[in-house]
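Here's the letter readout for the chains.
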Amino acid sequence: MASFRLRKATTQPRPELRATAAALAAELEAAHGVRARWESDDVVAIRGAGVEGRLVLADDAVEVSVRLGLLASAFQGPLRAEIQRYLDEHVS
């Protein structure tokens, strides 16, 4: 099983971060067929076939952790790059 974690520091207000997190979750749902669900005001759980992840809004950062099953692990590089690109473009 492959996994990775990404952390992007931020000074954005919490409401803006929530909107960014919701947009990232929607993009992942559309592109990869996963399901995203808010577990709390600050945590989005993402699940799909061979994919399990969490997006956490901390006071000073956005943290993404992803675990991939055996078959999905082949896509670790592109998925990691896609999430990193999104964070770099939308979180400051």
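Remember, predicted model here, so these are calculated numbers, not experimental data.

Asker: Describe the overall build of the protein chain, with residues and values.
Answerer: Scanning the protein chain from N- to C-terminus turns up 2 helices and 5 strands. Each helix and strand of the protein chain, placed in order from N terminus to C terminus, yields the pattern β-α-β-β-β-β-α. Taking 92 residues into account, the globule formula puts the C-alpha radius of gyration at 12 Å, and the protein chain, at 12 Å, falls close to it. Counting across all 92 residues of the protein chain, residues that qualify as buried make up 37%. Counted over contacts in the protein chain with a minimum sequence separation of 6, partners at least 24 positions apart contribute 53%. Surface accessibility of the protein chain: about 5300 Å² in total, with carbon and sulfur atoms responsible for 54%. Between the averaged position of the 12 positive side-chain charges in the protein chain and that of its 13 negative side-chain charges there is a distance of 5 Å.

Asker: Any details on the pairing of strand β4 (residues 51-57)? Residues and values, ideally.
Answerer: Only one face of β4 is covered, namely the one carrying Val51, Gly53, Leu55 and Leu57; the face carrying Glu52, Arg54 and Val56 has none of its residues buried. Relative to β4, strand β3 (residues 43-48) runs antiparallel, the two being bridged by 6 bridges. Each bridged residue has a counterpart across the sheet, and for Val43 the counterpart in β4 is Val56. Connecting the antiparallel pair β3 and β4 is a turn made up of 2 residues, with Gly50 showing a positive phi of about 75°.

Asker: Tell me about the layout of surface pockets, and name the residues and values.
Answerer: Gaps left between atoms show up when a probe the size of a water molecule is rolled over them. Roughly 320 Å³ of volume is contained in the largest pocket. Lining the largest pocket are 22 residues; nearest its centre among them are His32, Val34, Val51, Leu68 and Leu79. Looking at the lining of the largest pocket, the elements that each hand over two or more residues are α1 (14-32), β3, β4, β5 (61-68) and α2 (76-90). Broken down by element, the lining of the largest pocket gets its largest block of residues, 5 residues, from β4. For the lining of the largest pocket, a count of residues per class yields 15 nonpolar, 5 polar and 2 charged.

Asker: Run through the side chain of Thr20, naming residues and quoting values.
Answerer: One can find Thr20 in helix α1. With near-sequence residues (within four places) excluded, Thr20 lies in contact with Gln12, Tyr86, His90 and Val91.

Asker: Can you explain the pattern of salt bridges? Please cite residues and give values.
Answerer: Taken as a whole and assessed by the stated rule, the structure comprises 11 salt bridges. When salt bridges with common partners are traced through the structure, they connect Arg14, Arg18, Asp42 and Asp59 into a single cluster.

Rules behind the numbers
Residues numbered from 1 in each chain as written. Predicted model: local features only at pLDDT ≥ 70, side-chain atom pairs only at ≥ 80, totals over all residues. Heavy atoms only, no water. Helix = DSSP H or I, 4+ residues; strand = E, 2+ residues; numbered from the N terminus. Rg over C-alpha atoms; globule rule 2.2 N^0.38 Å. Buried < 20%, exposed > 50% of the residue type's maximum accessible area, 1.4 Å probe, protein only. Contact = heavy atoms within 4.5 Å. Areas by Shrake-Rupley, 256 points an atom, 1.4 Å probe, with all protein chains shown as cover. Lys, Arg positive; Asp, Glu negative; His and termini not counted. Charge placed at Lys NZ, Arg CZ, Asp CG, Glu CD. Pairing = 2+ DSSP bridges. 1 Å grid on protein atoms, 1.4 Å probe; cavity = no way out; pocket = protein on both sides within 12 Å on 5 of 7 lines; lining within 4 Å. Points joined across faces, edges and corners; volume = space filled by probe spheres on them. Nonpolar A, V, L, I, M, F, W, Y, C, P; charged D, E, K, R; others polar. Salt bridge = Lys/Arg side-chain N within 4 Å of Asp/Glu carboxyl O.

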